[in-house]
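Examining the three-dimensional arrangement
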Amino acid sequence: MSDVNDKLRVIPTDKPPTGACKVVGSFEPNLAIIPEHDLCPGCGEPVAIRQMLESIEDLGHTTNAIGVVGIGCYTAFTSLMDVDLIQALHGRAPSVATGAKRMRPGNLVFTLQGDGDMVNEGLQEVIHTAARGESVTCVLLNNGVFGETGGQMTSTTVLGQRTKNSLDGRDAETHGYPILIADLISRLQGAAYVARGSVHDAKNVHKTRRLLDRAFESQMKGQGFSFVEILTMCPTGWFIPTADGPDFLNDELAAIHKIGELKRDGILVDS
Amino acid sequence: MTRKLMEGSEAIAEACVAAGCRFFSGYPMTPFTELLEHMARRLPEEGGTCINSESELEAIGHAWGAAATGYRAATGSTGQGLSLMQESMSEITRAEIPIVIFNIARGQGDYFQATRGGGHGDYRHIVLAPATVNEAVEITQLAFHLADKWRHPVVIYGDYLLGHTAEAVDVSAVDFGTLPDKDWAVDGRLGGTGKSKNINPIGMDKGTKGIEPARFWRALLEKEKKIAVEEPRFEVEGADDADYLIVTFGTLGRFAHTAVKNLREQGYKVGIFRPVTLWPFPKDALIEAAKGKKHVAVLEQNAGQMIDDVQLSLLGSVPITGIGGMSTDPSGFGVGPILDSDLIAARAKDAFEGKDVDAGVIE
C-alpha cells in the first residue's frame, strides 16, 4: 500500500489492484495535525486554510512560518495547524504580526483573520500595517457575516443581504455600504501585493492557491505588505441550504467583492 | 562607576537598552513622550526596533508579537493610553507574554488601574513603582528580569516628576541571575513536526480539540500565588522606634522622607513604609512595620486608592487615615500642591492628632 501521505493522486497502473478498493493517496494537508474539523458543512474556511497550509509547505516554509490568528470560526484551527502560531485579540493580528516580523525578518509571517475581525474590529490595524509596508501577509477569510456568533452583518456584508441584525436585508440608508477591503488596501503605497480569491469552485480554489503563493513570495522578496482576501461560503450564516453556498457566493458576494489580482510588484493591475 | 546627569525618561531608556530590550512601540502622550523619543533614537543604534505606533492598541500589539518571538520588548504610555491597552494586558497575562509596560502617568490616580487592572477576566500582573530616577534605572532592568523569570507582564508606574527630573545615574547592566531558556518562544522551527507552538491566552494545545480550563487556570493561579510570595519589595525606614507610620508610594516617597524629618524634629516619632511592588502588595512587611503604631497615615496623590490595600493588610488593627488627595496643576499632568513636604507634614500631624483631614481635593 502506498504511503498515505504520498502526493500521488492518480490510480497506479503499473500493477493490478490488490483489492476491491484501496487508498491511492491522502488528501490530508501535511501541515494539519488533525485532518478533520468541527466547522459547519459547506463552510469555505477549511478549504481556504488548506490552500494556505499547502502553499506554506510547497514554498519551503514549513519550519520557517509564524502565523498570527484572529478570532472567528477559523480560530478552531489553531490547534490543528502544524505551524508556530500566536493567538491575537479580535482585530489585532496585524500589529502582533508586525512585532514578530520586525524581530524575525527571516520568517514567513502571516495573519489569518475573518471579515468581522479585520474589517470591523481591526480595520485601523490592517490599514496602518499595510501603509507602513510591513513585510507580512494578511490573509482574510471573507464570508460577509459574523459566522461564529451566528450570522450577523459585518462591514463587508453586501447590500440586500439578510443577516440576523439586518433582517430585511442590508440597506445603505440604515446600515451604510460594504467596505471593499482589498480595493482599499491596494491604494496604499506600502502594499506590494493585493488579491482577492474565492473557494466556491475548483477553478477558484486552484487560483486562490496561486494568489497565496504570490503573496508569500512577495513577502519573502521584501516587497512590502501583501494581502490575500479569500471569499468563503457560510451557508449557516447566510441562512441558505448548504449546497447553495457556492452559487450564493458567486452571485452575491463576488458580484461586489470582485475576484482577481489588484496589485502585483507594487503596481496596480488594470481591471 | 561613571555617573551621568540624565532626566528620568532618558535614564529609563538607557536602562531598557542595558537590560537587553530591543523592541519598543509607543504613541506620544505627555508625560510619556520623552521615553518614546529616547527609545526611537537609541534602539536603532543597538540594532533594535522602535515603532511609532498609530495607537496604543497597536503599540501593545507590536510588543506582544515581538516578545512572543523571545526578544525583550516594551511599550508604554500614560494612564490614559494604558486604558486602551487593558484588553491586551489582560490577554498577555494569560498568554504569558513577558512585556514591560511603562505608565509614565499624570499623577497617582492610576493605582487601581495598575493593581486591579481594567481588562476582562481573572488576572494579576506585577507592578513596580520607583520613587527616584536612580531607583527607576534598577527597577527597569529588574522588570525585564521578572517578566522573563515568570513569563508575565510587568508594569512600571512612574509619573511626570520621574520622567522629567534629572539625576546623576549610573546605567550599567545589573545581573539578576540566570533565567530559564525561552523554549516557548515562536521561531517557526517546529513547524510540521507535530510539536509546533501556539502562544494563546486560553490554554489551547496543539493536536487536541478543545481546552482543559481547570488545568490552565490552576497553573496560572499557582504562578500568581508564587509571585505574591516571592516578589514583594518595599522600603521601610525609621519604623522600629516610631509611634506613627506614613505609607506612600512612587514619587511621593521622596517628599515623605523630608516630611518625616520635619515631623521628627517637631517630636513626632514617624516611620515610613513604601511598597516598591504595588502588586504583589508587601502585606506581611507592612503588618510588621505597622505593629504597635498609634496611627497610620496613607499618602497618595489620588482620592484614596492604595489605602484599600493598606486597610486590607492591617484589618482594623490600627487607625488609618488618608492624608493625600486629588492634586494637580492646571496642565493636568499631576504636578500638584501635594508635592510639598511641609504640607504633607502638616496633614500627617493632623491625622496623628485625630483631627479631620480633608481627603478630597488638595488645592
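Conventions used here
- Residues numbered from 1 in each chain as written.
- Chains lettered and ligands numbered in written order.
- Predicted model: local features only at pLDDT ≥ 70, side-chain atom pairs only at ≥ 80, totals over all residues.
- Domains from an automatic or database assignment.
- Contact = placed C-beta atoms within 7 Å.
- Helix = DSSP H or I, 4+ residues; strand = E, 2+ residues; numbered from the N terminus.
- Expected span 1.5 Å × (residues − 1).
- Buried ≥ 20, exposed ≤ 12 C-beta atoms within 10 Å, placed from the backbone.
- Axes fitted to C-alpha atoms, helices over the stretch in contact; angles between N-to-C directions.
- Nonpolar A, V, L, I, M, F, W, Y, C, P; charged D, E, K, R; others polar.
- Parallel < 35°, antiparallel > 145°, perpendicular 65-115°, else oblique.
- Left-handed = near helix turned anticlockwise from the far one by under 90°.
- Pairing = 2+ DSSP bridges.

**Quick notes on the domain arrangement of chain B**
Residue and element names in this part refer to chain B. Segmentation of chain B into domains returns domain 1 (4-169) and domain 2 (234-352). Relative placement of domain 1 and domain 2: their C-alpha centres are 26 Å apart. At the interface, 24 residues of domain 1 touch 21 residues of domain 2. Where the side of domain 1 that touches domain 2 is concerned, the elements lending two or more residues are α5 (111-115), β6 (126-128), β7 (154-159) and α7 (160-164). Ranked by residue count, the leading element in the side of domain 1 that touches domain 2 is α5, at four residues.

**What about helix α6 (residues 133-150) of chain B?**
All names here are of chain B. Under the 1.5 Å per step criterion, the end-to-end length of α6 is 25 Å for 18 residues, consistent within 8% with the ideal 26 Å. With 15 of 18 residues buried, α6 is to be regarded as a mostly interior element. Positioned one or two residues after α6, Arg 151 has a phi angle of 50°, which is positive.

**Digging into the packing of helix α2 (residues 93-103) of chain A against helix α4 (residues 123-131) of chain A**
All names here are of chain A. As a packed pair, α2 and α4 sit with axes 7 Å apart at the nearest point and diverge in direction by 35°. For the pair formed by α2 and α4, the contact residues are Pro 94, Ser 95 and Thr 98 on the first element and Glu 125, Val 126 and Thr 129 on the second. Taken together, the residues of the contact of α2 with α4 break down into two nonpolar, three polar and one charged.

**Describing the packing of helix α1 (residues 45-58) of chain A against helix α7 (residues 202-220) of chain A**
Residues and elements named next belong to chain A. Closest axis-to-axis distance for the α1/α7 pair is 9 Å, and the angle between their directions is 45°. As far as their axial angle goes, α7 and α1 are oblique. Once α1 is placed against α7, the crossing between them reads as right-handed. Along its contact with α1, which presents Val 47, Ala 48, Gln 51, Met 52, Glu 54 and Ser 55, the element α7 presents Val 205, Thr 208, Arg 209, Leu 212, Asp 213 and Phe 216. For the contact of α1 with α7, the per-class residue count stands at six nonpolar, three polar and three charged.

**A look at the interface of chain B and chain A**
At the junction of the two partners, chain B supplies 40 residues and chain A supplies 34 residues. The set of elements that each furnish at least two residues to the side of chain B that touches chain A consists of α3 (56-68), α4 (79-95) and β9 (198-199) of chain B. Among the elements that line the side of chain B that touches chain A, the one with the most residues is α3 of chain B, at nine residues. Residue composition of the side of chain B that touches chain A, grouped by class: 14 nonpolar, 16 polar and 10 charged. Examined bridge by bridge, strand β2 (residues 84-87) of chain A and β9 of chain B share two bridges and lie parallel to one another. For Ile 86 of chain A, the partnering residue across the bridge sits in β9 of chain B and is Ile 199 of chain B.

**Focus on the pairing of strand β4 (residues 73-77) of chain B**
All names here are of chain B. The element β4 is extensively covered by neighbouring structure, given that five of its five residues are classed as buried. Side chains Ala 73, Thr 75 and Ser 77 of β4 all project onto a buried face; the interleaved residues Ala 74 and Gly 76 project onto the opposite face, where all are buried too. As paired elements, strand β2 (residues 23-26) and β4 share four bridges and run parallel to each other. Along β4, the bridge assignment pairs Phe 24 with Ala 74. Of the strand pairs in this sheet, β4 and strand β5 (residues 99-105) are connected by five bridges, and their pairing is parallel. If you follow Thr 75 over to β5, its bridge partner there is Ile 101.

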